[in-house]
Amino acid sequence: GIQVEQSPPDLILQEGANSTLRCNFSDSVNNLQWFHQNPWGQLINLFYIPSGTKQNGRLSATTVATERYSLLYISSSQTTDSGVYFCAVPPYNQGGKLIFGQGTELSVKP
Amino acid sequence: DAGVIQSPRHEVTEMGQEVTLRCKPISGHNSLFWYRQTMMRGLELLIYFNNNVPIDDSGMPEDRFSAKMPNASFSTLKIQPSEPRDSAVYFCASSLALGTGGSYEQYFGPGTRLTVT
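Just so it is clear, the structure is predicted and the values come from calculations on it, not from any experiment. (Residues numbered from 1 in each chain as written. Chains lettered and ligands numbered in written order. Predicted model: local features only at pLDDT ≥ 70, side-chain atom pairs only at ≥ 80, totals over all residues. Heavy atoms only, no water.)

This part is about the packing of aromatic side chains. Counting across every chain of the model gives nine aromatic pairs over all chains. When the ring of Tyr35 of chain B is compared with that of Phe108 of chain B, the centres are 5.2 Å apart and the planes differ by 35°; the resulting orientation is tilted. Within this pair, whereas Tyr35 of chain B is found in strand S4 (residues 31–38), its partner Phe108 of chain B is found in strand S10 (residues 107–108), the two being separated by 73 residues in sequence. Like Phe108 of chain B, Tyr35 of chain B is buried. Here the aromatic residues Phe35, Phe86 and Phe100 of chain A together with Phe33, Tyr35, Tyr48, Phe91 and Phe108 of chain B are joined through ring pairs into a cluster of three or more. In this structure, Arg22 of chain A packs its charged tip against the face of Tyr69 of chain A, placed 4.3 Å from the ring centre. (Phe/Tyr/Trp six-rings, centres within 6.5 Å; stacked < 30°, edge-to-face > 60°. Helix = DSSP H or I, 4+ residues; strand = E, 2+ residues; numbered from the N terminus. Buried < 20%, exposed > 50% of the residue type's maximum accessible area, 1.4 Å probe, protein only. Lys NZ or Arg CZ within 6 Å of the ring centre and 35° of its normal.)

Structural data, given as structure tokens:
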């Protein structure tokens with residue numbers, strides 16, 4: 001089955017710093033989602049991004065489907081950005097079920 | 001919209017007891033997914049429904065697990081009998097199905113944290 005790998009597994013930042021999280025996937029997909037799991041365990045939708053670049057405030061994401069990777073950029077990080085960031089992809093023609101990466105755990109220090 | 005609603009939010013039960021988790025998808029969505037999150041295995045799909053019909057239950061760990069979707073606005077995941085290794089966070093998600101066999105963006109409920117002692 002499709003493999004989803006995220007890097008780095010852990011990241012510690014000082015408040016105000018920028019970071020880039022990476023998601024590699026092993027096969028063609030219809031789309032890709034980025035989620036933020038906050039310290040309370042909720043999965044919050046960040047981006048639905050099959051290809052191209054999207055921006056939402058301090059966050060942006062780029063997916064290059066032909067090269068099978070996606071990047072999540074966090075600029076001017078804040079302590080509220082702490083948590084685990086997941087990317088997830090649906091294997092082609094399998095009804096949309098998501099295969100998740102193992103996540104990047106981000107800790108932003110004040 | 002209220003988003004995906006799950007109940008209960010927390011469940012503590014003793015080994016051998018029956019557990020029922022409940023989910024109400026976003027109105028208008030026709031695909032519903034049950035996922036489980038554990039430290040060891042991460043987030044993994046258990047089962048999903050399209051138009052109330054189970055499509056893929058290959059992730060259901062064993063016969064102790066069963067899921068139903070009697071109508072478009074309600075689904076249950078039942079574990080009987082429960083075991084300590086079932087302790088995890090169970091998420092329900094919903095989306096609109098794409099005609100190409102995929103789906104649009106999935107939205108997750110707040111999860112049910114299950115502890116089996």
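So much for the structure itself; the text now carries on.
This brings us to the sheet that holds strand S7 (residues 59–64) of chain A. Residue and element names in this part refer to chain A. Pairing is antiparallel across the open sheet formed by five strands, whose spatial order is S1-S3-S8-S7-S6. The open sheet has two free edges, formed respectively by strand S1 (4–7) and strand S6 (52–56), since each of these has just one partner strand. Taken pair by pair, the neighbouring strands of this sheet meet at an average axis angle of 15°, ignoring direction. Of the pairings in the sheet, the one linking S6 to S7 comprises five bridges and is antiparallel in character. (Pairing = 2+ DSSP bridges. Axes fitted to C-alpha atoms, helices over the stretch in contact; angles between N-to-C directions.)

Purely geometric stuff here, so don't read any function into it on its own.
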